[in-house]
Amino acid sequence: MPRRRRRLVQLVLGLVGYALSMALMMRAGLGSMPWDVLHQGLALRTGLSIGVVVAVTGVVVLLLWLPLRERPGIGTLANVVVIALAVDGALAVVPVVDGLWARAGLAVTGIVLNAAATAAYIGVGLGAGPRDGLMTGLAARTGRSVRAARTGIEVTVVLSGWLLGGTFGLVTVVYALGVGPLVQWFLPWFTVRTSR
């Protein structure tokens, strides 16, 4: 497959996988990834679907890029559109399960799939997702580490989402601690070289 086409296909598949991973963690009911705690809280308060809330939040976060002088790529825009469309579809087909082991299985599968999907869309080098760009932009403009910027953002969105009624739980903590190392492990498998 020509490299350009492979990058676009991998981008879309990675974003669809990311949306599916979101649905798996939400259906587990044991907590959601940090931004999804906020998405759930906003959806609960507004009556909008998770996909619509994800899209609106993504656009708002992109507007925050302007003073940070971050530049979106095609992957950035695809991140907003594809995930927003795919997450509602995924939530429609992923069932709610009973029993702690079944719920834990959904959650673990969601976390691992999320890491692989993140590595897949990052690995094509077509632009950071809106939330990642906010993190790197804040780090660059404030002189703080990426770790400090990410921690500050995620604590803020989790607390805001929890106060709005989003699901905070064990999965939120496990995701926050485990997804970084998993993405790092998957990244070499999905990185597409853009030059010979």
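Scroll up to find the structure.
So, how was this worked out
- Residues numbered from 1 in each chain as written.
- Predicted model: local features only at pLDDT ≥ 70, side-chain atom pairs only at ≥ 80, totals over all residues.
- Heavy atoms only, no water.
- Helix = DSSP H or I, 4+ residues; strand = E, 2+ residues; numbered from the N terminus.
- Rg over C-alpha atoms; globule rule 2.2 N^0.38 Å.
- Core = buried A, V, L, I, M, F, W, Y, C linked by side-chain atoms within 4.5 Å.
- Buried < 20%, exposed > 50% of the residue type's maximum accessible area, 1.4 Å probe, protein only.
- Contact = heavy atoms within 4.5 Å.
- Salt bridge = Lys/Arg side-chain N within 4 Å of Asp/Glu carboxyl O.

## Digging into the overall build of the chain
The secondary structure content of the chain amounts to eight helices and zero strands. Going residue by residue from the N terminus, the α and β elements of the chain occur as α-α-α-α-α-α-α-α. At 16 Å, the chain has a C-alpha radius of gyration in line with the 16 Å of a compact globule built from 196 residues. On the principal axes, the C-alpha backbone points of the chain span a range of 50 × 40 × 30 Å.

## Let's talk about the nonpolar core
Soluble, globular proteins show a tendency: their nonpolar side chains are buried together. With 40 residues, the main nonpolar core has Y18 and M22 as its most contacted residues. Per element, the largest residue contribution to this core is 10 residues, and it comes from helix α1 (residues 3-28). Not counting residues up to four positions away in its chain, the partners in contact with M22 are M33, D36, H39, V54, I83 and V87. Formed by 13 residues, the second largest nonpolar core is a distinct cluster that contains V61, L134, A149 and V157.

## Observations regarding the environment of R4
Along the chain, R4 turns up in helix α1. A C-alpha to C-alpha distance of 28 Å links R4 and D88, two positions 84 residues apart in sequence.

## Thoughts on the pattern of salt bridges
Two side chains carrying opposite charge are able to pair once their charged atoms lie near each other. Summed over the entire model, instances satisfying the criterion amount to two salt bridges. D132 is the salt-bridge partner of R150, the closest N and O atoms lying 3.8 Å from each other. Of the two residues, R150 sits in helix α7 (residues 146-164) while D132 sits in helix α6 (residues 130-142), which places them 18 residues apart along the sequence. Taking relative accessible area as the criterion, R150 reaches 30% and is therefore assigned partly exposed. Taken together, the shared-partner salt bridges in this structure form one network comprising D132, R150 and E154.

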